[in-house]
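Summary of the model geometry
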Amino acid sequence: MSTETRPETKESTSAPPPASGPMGRGGPGSFGMPLERSKDFGGTLRRLTIRLLPQWYRFVAVVVLSITSVTLTVLGPKLLGDGTNVIVKGLFHGGPGAIDFSKLHQILFLVVLLYLGAGTAQYIQAFTLAGVVQRTMQRLRSDVEDKLNRVPLQYVDRSGRGEILSRVTNDIDNLAQSLQQTMSQMLTNVFMLVGTVVMMFVISPVLAVVAIVTIPVSTFIIRFIAARARVRFTAQWDNTGLLNGLVEETLTGHAIVKTFGREREVEAEFQRTNNDLFEASYSAQSISSSIQPSMILVGNLNFVAIAVIGGLKVASHSLSIGGVQAFIQYSRQFAQPLSFLASMANLFQSGLASAERVFEFLDAEEFVPDAVGAVGPDRAKGRVVFDHVSFSYDPDRPLITDLSLVAEPGQTVAIVGPTGAGKTTLVNLIMRFYDVDSGAITLDGQDISKMPRSVLRSNIGMVLQDTWLFAGSIRDNIAYGNLDASEEQILAAAQAAYVDRFVHGLSHGYDTVVDDEGTAVSAGEKQLLTIARAFVANPCILILDEATSSVDTRTEVLIQNAMEALRAERTSFVIAHRLSTVRNADVILVMEDGQIVEVGHHTDLLRRDGAYARLYNAQFTGAAVEVT
Amino acid sequence: MKLIRLLRLYLRPYRRLLTLLVCLQGVQAMLNLYLPNLNARVIDEGVLKGNTHLIWSLGGQMLAVALVQAVFAIAAVFLGARIAMSFGRDIRNALFARSIRFSAREVNQLTAPSLITRLTNDVQQVQLLVVMSCTMVLAAPVTVVGGLILALHQNARMSWLLVASAPILGICLGILISRLIPQFRIMQERLDNVNQVLREQISGIRVVRAFVREPHETRRFAKVNDDLTHTSLVAGRLMAGMFPLVMLVVNVSNTAVVWFGANLIADRAMTIGSLIAFLTYFTLILMAIMMATFVVVMAPRAVVSSERITEVLHTETSVSPPKEPVRAFRTPGTLELRDVAFGYPGADALVLEGISFACGPGQTTAIVGSTGAGKTSLVNLVARLFDVTSGAVLLGGVDVRELDPDLLWHRIGLVPQRPHLFSGTVASNLRYGRPDAGDTDLWDSLEISQAADFVLAMGGLDARITQGGTNVSGGQRQRLSIARALVRRPDVYIFDDSFSALDLATDARLRAAMRPITAESSVLVVAQRISTIIAADQILVLEGGHQVGLGSHEALRQSSPTYAEIVASQMAQPDAA
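Going along each chain's sequence as written, the residues are numbered from 1 onward. Each chain takes a letter, starting from A, and each ligand takes a number, starting from 1, following the order in which they are written. The predicted nature of this model means local features are confined to residues of pLDDT at least 70 and side-chain atom pairs, given and counted, to a pLDDT of 80 or more, with totals for whole chains, interfaces and linings taken over all residues.

1. Comments concerning the overall build of chain A
Within chain A, the secondary structure is distributed over 21 helices and twelve strands. Any residue with 12 or fewer other C-beta atoms within 10 Å of its own C-beta is exposed, any with 20 or more is buried, and the rest are partly exposed; the C-beta atoms used are placed from the backbone. For chain A, the residues scored as buried account for 53% of the 628 residues in total. We call two residues in contact if the C-beta atoms placed from their backbones are at most 7 Å apart. Restricting to contacts in chain A with at least 6 residues of sequence separation, those with at least 24 account for 81%. In DSSP terms, a helix is any run of H or I states spanning at least four residues, a strand is any run of E spanning at least two, and both are numbered starting from the N terminus.

2. Examining the overall build of chain B
Scanning chain B from terminus to terminus reveals 20 helices and twelve strands. Counting the 577 residues in chain B, one finds 52% classified as buried. For chain B, contacts bridging at least 24 residues in sequence account for 79% of all contacts bridging at least 6.

3. Some remarks on the interface of chain A and chain B
Of the residues lining the interface, 151 residues belong to chain A; the matching set on chain B comes to 139 residues. The element best represented in the side of chain A that touches chain B is helix H3 (residues 101-148) of chain A, accounting for 23 residues. In this count, Pro and Cys sit with the nonpolar residues alongside Ala, Val, Leu, Ile, Met, Phe, Trp and Tyr, while Asp, Glu, Lys and Arg are called charged and the others, Gly among them, polar. Its residues assigned to classes, the side of chain A that touches chain B comprises 71 nonpolar, 57 polar and 23 charged.

4. Description of the confidence of the model for chain B
Residues and elements named next belong to chain B. By definition, pLDDT measures how confident the predictor is in each residue, and it falls between 0 and 100. Here chain B shows a mean pLDDT of 83. Residues at 70 or above account for 95%. Contacts for the low-pLDDT stretch residues 572-577, under 50 throughout, to residues beyond four places or in other chains number eight contacts. Predicted complex metrics record ipTM = 0.79 and pTM = 0.69.

5. A word on the confidence of the model for chain A
Residue and element names in this part refer to chain A. On average, residues of chain A score 78 in pLDDT, and 85% of them reach the 70 mark or higher. Contacts of residues 1-37 to residues separated by more than four positions or lying in other chains number 103 contacts, the stretch itself having pLDDT below 50. Predicted confidence for residues 620-628 stays below pLDDT 50, and this span has 13 contacts to residues more than four positions away or in other chains.

6. Description of the pairing of strand E4 (residues 438-443) of chain A
Residues and elements named next belong to chain A. Here, a strand pair is defined by DSSP locating no fewer than two bridges between the strands. Pairing of strand E1 (residues 384-391) with E4, which is carried by five bridges, proceeds in the antiparallel orientation. Bridge assignment links Ser390 to a residue of E4, and that residue is Ser438. Direction of pairing for E4 relative to strand E5 (residues 446-447): antiparallel, over a ladder of two bridges. Along E5, the bridge assignment pairs Thr442 with Asp447. With antiparallel pairing between neighbouring strands as the criterion, E4 and E5 make up a hairpin whose turn holds two residues, including Asp444 at a positive phi of roughly 50°.

7. Quick notes on the sheet that holds strand E10 (residues 571-575) of chain A
Residue and element names in this part refer to chain A. Overall, mixed pairing links the six strands, which are arranged E6-E9-E10-E3-E11-E12 in an open sheet. Each edge of the sheet is formed by a strand with only one pairing partner; in this case those strands are strand E6 (460-463) and strand E12 (595-600). Pairwise comparison of adjacent strand axes, ignoring direction, gives a mean angle of 15° for this sheet. Sheet topology note: the E6/strand E9 (residues 541-545) ladder contains four bridges and is parallel. Note that in E9 the partner of Val463 across the bridge is Leu544. Where helices are involved, their axes are fitted lines through C-alpha atoms of the stretch in contact, as for all axes, and angles between N-to-C directions lie from 0 to 180°. Against the sheet, helix H17 (residues 523-537) makes contact with E6 and E9, and its axis sits at roughly 175° relative to E6, the strand it touches most.

8. Details of the nonpolar core
Soluble globular proteins tend to pack their nonpolar side chains together in the buried interior. Grouped together as the largest cluster of nonpolar side chains are 347 residues, with contacts concentrated most on Ile415, Ile531 and Ala532 of chain A together with Ile494 and Leu524 of chain B. In terms of residues, this core owes the most to one element, helix H3 (residues 52-101) of chain B, which gives 21 residues. For Ile494 of chain B, the residues in contact, after removing those within four places along its chain, are Val379, Val382, Ala383, Ile412, Gly413, Leu414, Val415 and Leu524 of chain B. In this structure, Ile222, Ile291, Phe340 and Leu341 of chain A belong to the second largest nonpolar core, which totals seven residues. Here, a nonpolar core means buried Ala, Val, Leu, Ile, Met, Phe, Trp, Tyr and Cys residues linked by C-beta atoms lying within 7 Å of one another.

9. Considerations on helix H12 (residues 423-430) of chain A
Residues and elements named next belong to chain A. The buried fraction of H12 amounts to eight of the eight residues, a majority that puts the element mostly inside the structure. Three or more residues of H12 are buried, namely Lys423, Thr424, Thr425, Leu426, Val427, Asn428, Leu429 and Ile430. Backbone geometry just downstream of H12 places Arg432 in the positive-phi region, at approximately 60°.

10. Things to note about unusual backbone geometry
The bulk of non-glycine residues show a negative phi, and the bulk of peptide bonds are trans. Phi angles above zero are rare outside glycine, and Asp402 of chain A is one such case at about 50°. For Asp402 of chain A, a count of 14 C-beta atoms within 10 Å corresponds to the partly exposed category. Despite not being glycine, Gln450 of chain B shows a phi value in the positive range, around 60°.

11. So, the packing of helix H14 (residues 439-448) of chain B against helix H16 (residues 474-487) of chain B
Residues and elements named next belong to chain B. Running from N to C, H14 and H16 cross one another at 130°; their axes reach a closest spacing of 8 Å. Between H14 and H16, the crossing angle belongs to the class labelled oblique. When the axes of H14 and H16 are compared, the crossing they make is right-handed. Two secondary-structure elements touch here, H14 through Asp441, Leu442, Ser445, Leu446 and Ile448 and H16 through Ala483, Leu486 and Val487. Along the lines of polarity and charge, the residues of the contact of H14 with H16 split into six nonpolar, one polar and one charged. Each angle is binned into one of four classes, with values under 35 degrees roughly parallel, values over 145 roughly antiparallel, values of 65 to 115 roughly perpendicular, and all other values oblique. Each crossing gets its handedness from the near helix: less than a right angle anticlockwise from the far helix is left-handed, clockwise is right-handed.

12. Observations regarding the sheet that holds E4 of chain A
Through backbone hydrogen bonds, the strands of a sheet pair up, either in parallel or in antiparallel fashion. Residues and elements named next belong to chain A. Strand order in the open sheet formed by four strands is E2-E1-E4-E5, with antiparallel pairing between adjacent strands. Looking at strand neighbours, the two that pair on one side only are strand E2 (400-407) and E5, the edges of this open sheet. Together, E1, E2 and E4 form the strand contacts of H12, whose direction differs from that of E1 by roughly 115°.

13. Focus on the packing of helix H2 (residues 15-47) of chain B against H3 of chain B
All names here are of chain B. Two elements in contact, H2 and H3, have axes separated by 8 Å at closest approach and are oriented at 160°. Judged on the interaxial angle alone, H3 and H2 are roughly antiparallel. H3 is crossed by H2, and the crossing has left-handed handedness. Here the contact of H2 with H3 is composed, by residue class, of 25 nonpolar, eight polar and three charged.

14. Side note on the environment of Tyr563 of chain B
All names here are of chain B. Inspection of the secondary structure puts Tyr563 in helix H20 (residues 561-576). Residues Tyr563 and Gly369 lie 194 residues apart in sequence; the distance between their C-alpha atoms is 8.3 Å. Among residues more than four places away in sequence, those in contact with Tyr563 are Val541, Gly549, Leu556 and Arg557.

15. Quick notes on the pairing of E1 of chain A
Alignment of E1 of chain A against E2 of chain A, held across five bridges, turns out to be antiparallel. When the sheet's bridge partners are listed, Phe391 of chain A is paired in E2 of chain A with Ile400 of chain A.

Here it is, written out as structure tokens:
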């Protein structure tokens, strides 16, 4: 897995203030490895359990099966011990010939049956549990996807795409894996512990007490070691994060590192971080791996204690030899779940930490749902009014204050201004990606905040500079604008947007598969595709963002023409970089520092000799192109 | 196999430690095996005969052995971790050293994200395998062989049971795993699909919402989600069989031991203590086999990872340093291309062909042309991120291939198409190419690049910059990237489409402010906007990798149809409309 996706903030699409605080937690460092443990262990565990509840009947079955399997397994050594006793009895009473073989075979046959039964029960248990876990994960994934449709864009813009993506993919993967691996074992082992203790008490309460002493001892050792390992693991993940960050930074900025002569420094820095990582992971690994030998030691100590005390008891005839044998097997069985649970604890913890991050996402604030019974025009005429609108991303930094503006149906509103002046904010408001703080925006006289978002947006077509294609054929990508579009409509849109021309040059025509990162189509062609998408959608209002870069001049002409054709008869808001657009616009909004500083027509604004005039003249410094 | 070769190569420095580890693990495993032997004697000679004294003395021995065993085991764990982690560190160092010496060509070929994954995830996979092997599996052969010998020693006539059940376990696990591995592969693909859809939904969230396609997206997601769940279920259910299967084989074998053991005891060919010891050996051996299979499950992923690592390690950089480097420029501040051609190895067509021009100190050469015309390749040739296929690039009168890379890369100021900032502060980014630059130098450069205002607003030179510069806007990033190049005051400035993220007014101010400081340097500007390049001393027009025009704006408008067309496309519109 792991195609690296970094949060990219293109100016054209997101102009909110920088994310508060340091880089998001999952940031660039976390390649599928959640860095921290859960903060609220109990709460997260409870929520996870609640998620398993809809399948409670399966879960009950799993518990019943676990108990069955454990009971059967636990009876095994006792019966085997009985078998030994039969042999011993024969030996003591009249030599080997006196062994009651038929009774022995009967017992052993029963033992095999028990084990078969236990194995089957355990298999069905794990089988069912796999279903429970996978279905729960399926639900969780679809809940997350659902949530994605309900979080305000603000959340996405703030947290960064990479951060959210890491939560919804890496964290769910990690959770699914750790649940799948630990659940079955945890259940079995917990029951096993209980069952074994019970059996040990049945055979010999004295020995059982001796064996049980190992529980606190083991727990103490495990906690002692785990506490020391935890610090090191944290250091390991921190260093992993640092290293990954450094690698990512160096390789994406490869040309800069090289041409700025920094190779040696960067390499030295890498080796330093790499060595820190080595130290941390070495001590984390060795300390945590000490748990197992330590547990073996405890097991062996226990074994000796049982052998000695058991031997004494046999000598005093208060315990049978088979009993000792069975007990030894139990005490082995008893140490096993403990060390198993210890090793699972880490994995489970990391799973819970992931679950917590996913829940955090699911808890994120949602946008205010559409009012019940809200209606809006199916096909608006396209009169858009800004009525004393104020808005800011950050209460401390007012962005738009008291903006009023009227766009009549069919008119073009050009938004111009220097980089970072907040031009995209207007787009965000019209689309209701963000809601206004005060005032209102109306469409055909109706307040858009009182319309269902879906109705409002169906009336608007949007072509952003930051093009977006999904992995699919060119046809499907165009049809995205209108899922009911006929083949003719798609073709017509493709022709209008000059897509048809280059599609014929592709090996599979309209069936050519493209994706967002793919190289099958160029940046300019992507633009044309998104324009075709808007054509198919046939909206009454348009939001256009004119490309500034990375498109060659000839394609740019095509894009220009296509956008112009698209604008015909529609109310259009254009983030304009081109003179032709600005000159012909019905209204020009000049923005500076988030404020609309001038509103008017090209010639009026030029005459005013203000911000627009400065902007307009600036692009022709030292050139007499205008004369042409 | 690539994995084996990689292991052999990078474990070689640790072969002494490895030998020691094998010894430690061997002793540890032997001691662990010796314990059941003592136990047998406790039962046979102590418990059965009621000899309490012997029980105490043998018990003491067992304790001593157990303690020594634990010490060896923990020492082995520490040593194993050390070897495995050193191995990982060394491979990462080797990979990084490789990748940083790559030319832009290799980086483009392997792609940065993929290189990053290889350096991190893939190394981790292989390292995990080594960790598991060192700490858990290395003892397995000793346990199996030693256990067999000791079991034989206890009773040779029972050993056929071992011979029978070990392969049964092996075969059962083998069948299970061979069915699991393809499922894992399919699962991985489907997981990628799920992540792909989610990634698209997040990156295209504005488009999805704008077209009200949420229900459509939900359906699309449900499909890939179902597919993944289906395969996960199949794999999970196969996995479910693993543990019960192992336990079943172990337990049934134990029962068989008692069954046949009873006959031997009846014949006085075996003692009870031996029987119990035999049971323990049996369990130890089968558990060791199970441990080994864990590694088998992990191996396929490690194999894939090792292939991806080896690919990087075997890729040679196409830009190698000169044997006898020239350490001084002959004519500082000049740049010349002589009949330059460039093509990717293996590709038929040349990306650039027949490019010749010269640029003196204080002169600006602009490069225009459509996408794919070879502009960025040309820039990369000048910065020696690639090497020419034929012809020569001369910087300061010296072929860049003969220049000392330190000199070359200290005299270039590159501003790439996609500005890239490093995490740190504004100052640390600006000093990237000149660590000794003073604050006034930094402010000067910020003034020129029209970045001083927003840097002040951000809180000055010490303002934080997040990784990739995501906390400043695209235009601001571009201006900081320009300032960073200006701080160096290099001999050659290269602006690869660096002004396009700026609005026209800022663009114009910036270029005007830059003029004085570039008086001694040659300037190379790649641009799309005519207004940006119109004042250049000469303009190079590229089309399809060929030089189709070279001259001033006015001259080219007359002589070059391609140029005239480009100009017309940008200028004619206002009048036509």
